[in-house]
Amino acid sequence: MTNVSTVKNPNLTKEKPDSPIKKAKNDSINYEKINNMETFNSFVRKKNTFLFGTTGVFLFLYILLPILAFTPVLQQKWIGNITGVWVYSAGLFVMTVVLCALYTKMAPKFDQIAAEVLREYEQGGEK
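What you see is a predicted model; the values in this text were computed from it and never measured.

Calculation notes
- Counting starts from 1 at the beginning of each chain's written sequence and moves along it residue by residue.
- Totals for whole chains, interfaces and linings use every residue, but because this is a predicted model, local features are given only for residues with pLDDT of at least 70 and side-chain atom pairs only at 80 or more, for both listing and counting.
- Excluding hydrogens and water, the side-chain values take into account all heavy atoms of the structure.
- Think of it this way: any DSSP run of H or I at least four residues long counts as a helix, any run of E at least two long counts as a strand, and we number them from the N terminus.
- Burial status follows relative accessibility: with a 1.4 Å probe on protein chains alone, a residue under 20% of its type maximum counts as buried, one over 50% as exposed, and anything between as partly exposed.
- Contacts are residue-level and defined by heavy atoms, with any inter-residue pair within 4.5 Å sufficient.
- Residue exposure ignores everything except the shown protein chains as possible cover, and the areas themselves are Shrake-Rupley values with a 1.4 Å probe.
- Here a salt bridge means any side-chain nitrogen of Lys or Arg lying within 4 Å of a carboxyl oxygen belonging to Asp or Glu.
- We call a set of buried residues a nonpolar core when its members are Ala, Val, Leu, Ile, Met, Phe, Trp, Tyr or Cys and they connect through side-chain atoms within 4.5 Å of each other.

Asker: Summarise the overall build of the protein; cite the residues concerned and give the values.
Answerer: Scanning the protein for helices and strands turns up five helices and two strands. Going from N to C terminus, the protein has its helices and strands arranged as α-α-α-α-β-β-α. By residue count, 17% of the 127 residues in the protein fall in the buried class. Restricting the contact set of the protein to residue pairs at least 6 apart, pairs at least 24 apart contribute 61%. In the form shown here, the protein has an accessible surface area of approximately 10500 Å², with 64% of it arising from carbon and sulfur atoms.

Asker: Please give an account of the pattern of salt bridges that cites residues and values.
Answerer: Two side chains of opposite charge can pair, provided their charged atoms sit close to one another. As enumerated under the stated definition, the model contains one salt bridge in all. For Arg45, the salt bridge identified is with Glu38, shortest N-O distance 2.9 Å. A residue is classified by how much of its surface remains accessible, and Arg45, at 46% relative accessible area, is partly exposed.

Asker: Before we move on, can you summarise the environment of Val87 with the specific residues and values?
Answerer: Within the secondary structure layout, Val87 lies in helix H5 (residues 84–122). A relative accessible area of 29% means that Val87 is categorised as partly exposed. Once the C-alpha coordinates of Val87 and Lys77 are considered, the two residues, ten residues apart in sequence, prove to be 9.8 Å apart. Sequence-distant contacts of Val87, that is, excluding residues within four places in its chain, are made with Trp78, Ile79 and Ile82.

Asker: A description of the nonpolar core should follow, citing residues and the corresponding values.
Answerer: Counting seven residues, the largest nonpolar core consists of Ile34, Met37, Phe43, Phe50, Phe110, Val117 and Tyr121. Within the residue set of this core, elements represented by two or more residues are helix H3 (38–68) and H5. If one sorts the elements of this core by residue count, H5 sits on top with three residues. Those residues in contact with Tyr121 that lie beyond four places of it in its chain are Ser28, Ile29, Asn30, Lys33, Ile34 and Met37. Residues Phe58, Leu65, Leu74 and Leu92 belong to the second largest nonpolar core, which totals six residues.

Right under this line is the structure:
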């Protein structure tokens with residue numbers, strides 16, 4: 001299927017010589033060298049700990065809702081006529097917003113560490 005903007009202006013599909021995308025000096029990247037860098041391995045450990053930890057906690061709490069929904073604990077009235085299931089469900093929405101805010105706060109830090117690892121690799125080695 002043809003894109004409408006390329007039909008009107010076929011030059012949009014061609015790469016311009018003054019494109020802001022820089023090509024690498026050397027197209028081959030030594031991934032083994034990057035994998036052996038301690039800074040890269042430290043970065044991967046930090047990021048994986050954060051991602052898997054938060055994902056595990058949040059998935060556990062989401063999966064716990066249907067399990068607890070049929071128990072007497074969440075069937076009781078907690079606030080007026082509102083049962084624990086409703087309160088727990090509302091808490092899951094709040095938890096989702098907290099997760100988004102937490103990840104938004106952590107993402108720039110991970111980007112900065114990744115840039116430092118890339119800079120170290122481009123300078124030629126391990127620290």
